[in-house]
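Architecture and fold: a report
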Amino acid sequence: MKKFICILLIVCAAVATLSLTACGKQSAKVSEYEIFAIYDSENRSLKGTVDFTYYNNTDNEISDLKFNLYGNAFREGSAFAPVSQSYANKAYYNGVNYGGMTVEAVENCTGWNVGGEDENILTVTLLTPVYPEENVKITISYTLNLALINHRTGVTENTVNLGNFYPVLCAYSREGFVECPYYYCGDPFLSECANYKVTIDLPPEYVAATSGKLDSESTAAGRKKCTYELNNARDFAIVLSDKFQTATQNVNGVDVCYYYYSDTNPQVSLSAACESVKYFSEAFGSYVYPTLSVVQTGFCYGGMEYPALTMISDDLDSDNSVYTIVHENAHQWWYAMVGSDQLNCAWQDEGLAEYSTLLFFENHPSYAFTRTGIIGSATKAYRAYYSVYNQIFGEADTSMNRHLKDYESEYEYSNIAYNKGLILFDTLRQSIGDEKFMAGLKSYFTKNVYKIASYEDLCGCFISAGVDLEGFFSSFVEGKIVI
């Protein structure tokens, strides 16, 4: 996610013990979500049913399934507020109000409960354990109430953002399912790839921008039903609006659609979206989904990535909008297709997305951004952060291998995940040269598509080129290097 509008800019200790299962092993089946959801615009609520088929790709028998209930972060009294105080006024455009996710029933189980650190985890006890390479199906019924908020999940002034709108299976590690409290700092999401079939029932005047490809559409009794499909994706997101206009272009067989309502020059935005998809496909590896929705919407930060869908804030000026479109599209490679542990190593996808953005503009000089300008801006911002935090804390913590909860502020998070991540990759490129650098990125993509890649996986793709880089990476990640 490009969190801060004005920025132009290992294994981690936790990840060393957090060996996550691959989300899309070629020899294994992935889990399946079949979701049916009804949107009630008058009550700002989504009533949903999830038929979930779990395929056990672990080496253990599984007796309980755990799901993240991200929508519960928006309820009154949540322990982890979904937005910081510094962004509260921008997010809550109509004053602070609340939403929440209520699980109403779970079928084909012996019992279920909602718990976790912040009522954020649904635990389902299965009728019988599911063994490796076996599967089980359960049905979850729930209601998502939406706050009036410019955020991933909520009703904005012009749209309805439905990110993380359903119970999401927790990723699995050696220690079991990984629970993800909703920290406002960063992207507190960690999930494995699955196949999706999503049907949404909505008022006929709404247009739905989604992660999936439209399979069918029908209208009856004053309502519209649309069904979408998406395979091998770690999330599915939807944005609704009765104001959307669209501009579409096909890029190498991918239908790129720009949804907007207040863009005076939508062709510029669409061109940036299409050119970035084309460039990243050639530079790293082919985009694997049939569609990409780039969606202008209310959002308190710059933008947000989901597989095959990117949210772009309607509050951005033209240049920052283009920059954000490119950055969020880069996340289709570094988050959507190649996953990583965003809880413990946020820089791994954010730093790569930011540097991929630099690579795009470096190779497309018609835009207003240059490599020198982006690196200079990031370096200046990072040094300012270092100076300020040295004065406040006596010594700035510049380590990169930390959990989201350990960041003191969004300011610190931005400088470590984005700016220092960007500087790391630029320094690496200067050290090994363009040819080995780009070959390393291609190797990283090819070896880890559909998986949750570790820090070791990333480093290994550069080290395998015959260059001794262990000291280089550790100096950055452990905070030893002075920039």
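Check the entry above for the structure.
Everything numeric here is computed off the predicted structure, so don't read it as measured data.

Okay, the pairing of strand β18 (residues 245–251) next. Across 7 bridges, the pairing between β18 and strand β19 (residues 254–260) is antiparallel. In the strand pairing of β19, Thr248 is matched with Cys257.

Let us look at unusual backbone geometry. Phi is positive for Asn252, which is not a glycine, with a value near 50 degrees. Topologically, Asn252 is positioned in the loop between β18 and β19. Its identity is not glycine, yet Tyr335 carries a phi of approximately 155 degrees, on the positive side. Within the element layout of this structure, Tyr335 appears in the loop between α4 (318–330) and β23 (339–340).

One way to put it is that helix α3 (residues 266–283) packs onto α4 with a least axis distance of 9 Å and a crossing angle of 30 degrees. Judged by the angle between their axes, α3 and α4 are roughly parallel. When the axes of α3 and α4 are compared, the crossing they make is right-handed. From α3, Val268, Ser269, Ala272, Ala273, Ser276, Val277 and Phe280 reach across to α4, where they touch Ser321, Val322, Ile325, Val326, Asn329 and Ala330. Tallied by class, the residues present in the contact of α3 with α4 amount to 9 nonpolar, 4 polar and no charged.

A word on α3. Look at α3: 26 Å from first C-alpha to last across 18 residues, which is about the 26 Å you get at 1.5 Å a residue. Residues Pro266, Ser269, Leu270, Ala272, Ala273, Cys274, Ser276, Val277, Tyr279, Phe280, Ser281 and Ala283 constitute the buried set of α3. Residues of α3 that are buried in the fold lie against β18, β19, β20 (291–297), α4, α5 (346–362) and α8 (434–448). Once α3 finishes, Gly285 follows within two positions and takes phi at roughly 155 degrees, a positive value.

Here the idea is simple: oppositely charged side chains can pair when their charged atoms come close. Under the definition given, this model contains 16 salt bridges. Between Asp201 and Arg223 there is a salt bridge, with the nearest N and O atoms lying 2.6 Å from each other. Of the two residues, Asp201 sits in strand β13 (residues 194–202) while Arg223 sits in strand β16 (residues 223–233), which places them 22 residues apart along the sequence. Under the relative-accessibility criterion, Asp201 is labelled buried at 8%. Between Glu362 and Arg371 there is a salt bridge, with the nearest N and O atoms lying 3.6 Å from each other. We classify Glu362 as partly exposed; its relative accessible area is 29%. Counted as one network, the salt bridges with shared partners bring together Glu362, Arg371, Asp426, Arg429 and Asp434.

The rules we used
- Residue positions are counted from 1 within each chain, in the order its sequence is given.
- Whole-chain, interface and lining totals are the exception, using all residues; otherwise, since this is a predicted model, local features are given only for residues with pLDDT of at least 70 and side-chain atom pairs are given and counted only at 80 or more.
- Hydrogens and water molecules were not included; the side-chain quantities draw on all heavy atoms of the structure.
- One bridge is not enough; two strands pair if DSSP finds at least two bridges between them.
- Think of it this way: any DSSP run of H or I at least four residues long counts as a helix, any run of E at least two long counts as a strand, and we number them from the N terminus.
- Axis definition: a line fitted to C-alpha atoms, over the contacting stretch in the case of helices. Angles run 0 to 180 degrees between N-to-C directions.
- For classification purposes, angles smaller than 35 degrees are called roughly parallel, those larger than 145 roughly antiparallel, those between 65 and 115 roughly perpendicular, and all remaining angles oblique.
- Should the near helix be turned anticlockwise from the far one by less than a right angle, the crossing is left-handed, and should it be turned clockwise, the crossing is right-handed.
- Throughout, a residue-residue contact means that at least one pair of heavy atoms, one from each residue, lies within 4.5 Å.
- Residues were grouped as follows: Ala, Val, Leu, Ile, Met, Phe, Trp, Tyr, Cys and Pro as nonpolar; Asp, Glu, Lys and Arg as charged; and all remaining residues, including Gly, as polar.
- Expected helix span is computed as 1.5 Å times (number of residues minus one).
- For every residue, the accessible area (1.4 Å probe, protein chains only) is compared with the maximum for its type, and the residue is labelled buried under 20%, exposed over 50%, or partly exposed between those bounds.
- Salt bridges are defined by distance alone: a side-chain nitrogen of Lys or Arg within 4 Å of a carboxyl oxygen of Asp or Glu.

In short, geometric facts, not functional conclusions.
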